[in-house]
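Each chain, written out:
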Amino acid sequence: MSSTKNRTTHRKNRHARTDQAQRPPRHRAAHRRALRREAPTVVALLLDDEDFAALTDHRSFAFDNYAQYLHAVDAFLRHLHAQGHHIAVTLFDPDAYADYCTTTRRPPDSATTRTHYTAEATAAGPSVTYTRQSLTLLRAQLAHEADRRATWESATDALTRAGTCPDCGQDLAHCAFDRASDTLLRLIETVGPGTHHVVCSLPADDGPLLAAVHVHADTDDTIELAENDALVLCTVMAASTATGRTGGVVLRTTHDDERPDTVRGWSLRDGHLHPLTEAEVFNAYCTDAATGDPVPPEHGVVYHAGLPLPPPPVDHIGPTGPFGPLT
């Protein structure tokens, strides 16, 4: 009797252990959910109607209306954000996607291929972190980031072909970037306190390179700026030195008091800023840099001649500029 009872109890315990082994512990599912929240999410966005139209011929692509597509993307991003995910929105470039499919020999009309392209190709490109901003703002931010990345890459390509510096024998790209960084700081110190919008333009084979940075300078000589924008602007300025092409710099200042905005300009030659006259500043600011078409002058904006900058302290200021090394 006792032996039979022991065998029955043993079988029950064995079955219980088997069931426990087959069923994953509850904490494993919780761990998976926790890890999922810590895994970043990358969403590739078709930026405009033209890019969207390039995918509508694919039967595997679920959308045929761009407005509907944007509405769905907006809802999807909000859903991911509500779950606590970190979301990076990248640019889906149909031309780059076609090249990717050719190189990898993957079928283009495939959701799986688009997923691989997003994970492998766009992750290293321009991206914007989603923080529940409107899709209109998100698209503008992504377009700005894409333009900034393209400008930086074009200017960097020009620098990599520059060779050596004739003055010191070092890499001309680094010397030119150092000088450009120092020039930007001396420019802000020269114009003084205020909120400044600095734009540099440089002719290039594939169209003008344009870079801009917002700078706030206080009366105590404190300068606040976006370092990524400053990096691109200094790279374009350095490309002017490396290529020998003449560029231009326009600076618009918004004052803290009731004074109107002021605009000044300089010609960028041989790594130095040469002040423009008031008439030259007016013509430069009222001309579209990309098309050359005239632009109507703004009401309430005052145009002034560029100010002369103090000379740099030394010809070469070291292996890196104030905004970090050129890579």
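For the structure, see preceding data.
Quick summary incoming for the structure in this document. (Residues numbered from 1 in each chain as written. Predicted model: local features only at pLDDT ≥ 70, side-chain atom pairs only at ≥ 80, totals over all residues. Heavy atoms only, no water.)

Another point: the sheet that holds strand 2 (residues 87-91). An order of 1-2-3 is seen for the three strands of this open sheet, with the pairing classed as mixed. At either end of the open sheet lies a strand with only one pairing partner, and these are strand 1 (41-45) and strand 3 (127-129). Direction aside, neighbouring strands of the sheet carry axes that sit 30° apart on average. Of the strand pairs in this sheet, strand 2 and strand 3 are connected by three bridges, and their pairing is antiparallel. Its bridge partner being in strand 3, Val 89 is matched across the sheet by Val 128. (Pairing = 2+ DSSP bridges. Helix = DSSP H or I, 4+ residues; strand = E, 2+ residues; numbered from the N terminus. Axes fitted to C-alpha atoms, helices over the stretch in contact; angles between N-to-C directions.)

Another point: the nonpolar core. In this structure, Leu 187, Val 198, Leu 233 and Trp 266 are the most contacted members of the largest nonpolar core, which totals 38 residues. Among the elements of the structure, helix 7 (135-160), helix 8 (172-191), strand 4 (194-202), strand 5 (209-217), helix 9 (227-243), strand 7 (247-254) and strand 8 (262-269) are those that each provide at least two residues to this core. The element contributing the most residues to this core is helix 8, with 10 residues. Those residues in contact with Leu 187 that sit more than four places away from it in its chain are Val 198, Val 249, Leu 251, Trp 266, Leu 273 and Leu 309. One finds Leu 47, Tyr 97, Val 128 and Tyr 130 within the second-largest nonpolar core, a separate group that totals 28 residues. (Core = buried A, V, L, I, M, F, W, Y, C linked by side-chain atoms within 4.5 Å. Buried < 20%, exposed > 50% of the residue type's maximum accessible area, 1.4 Å probe, protein only. Contact = heavy atoms within 4.5 Å.)

Across the chain, the bulk of peptide bonds are trans and the bulk of non-glycine residues have phi less than zero. Positive phi outside glycine occurs at Arg 105, with the angle close to 60°. By the secondary structure assignment, Arg 105 is in the loop between helix 5 (94-104) and helix 6 (111-120). The exposure class of Arg 105 is exposed, given its relative accessible area of 78%. Within the chain, Asp 270 stands out as a residue other than glycine whose phi angle is a positive 55°. What makes Asp 270 exposed here is its relative accessible area of 60%.

Take the pairing of strand 2 next. A large share of strand 2 lies buried, amounting to five of its five residues. Of the two faces of strand 2, the one holding Ile 87, Val 89 and Leu 91 and the one holding Ala 88 and Thr 90 are both buried throughout. Across five bridges, strand 1 lies against strand 2 in parallel orientation. If you follow Thr 41 over to strand 2, its bridge partner there is Ile 87.

To continue, consider helix 5. If you check which residues of helix 5 are buried, you get Pro 94, Tyr 97, Tyr 100 and Cys 101. What you see down the axis of helix 5 is that its buried residues fit within an arc of 110°, all on one side. In this structure, helix 5 carries Asp 95, Asp 99, Thr 102 and Thr 103 as exposed residues pointing more than 90 degrees from its buried face. Buried residues belonging to helix 5 abut helix 3 (49-53) and helix 6. Measuring from the side-chain oxygen of the N-cap residue of helix 5 to the backbone nitrogen of Asp 95 gives 3.0 Å; that N-cap residue is Asp 93. (Arc of directions from axis to C-beta. Polar contact = N/O pair within 3.5 Å; in protein donor to acceptor, adjacent residues only side chain to side chain.)

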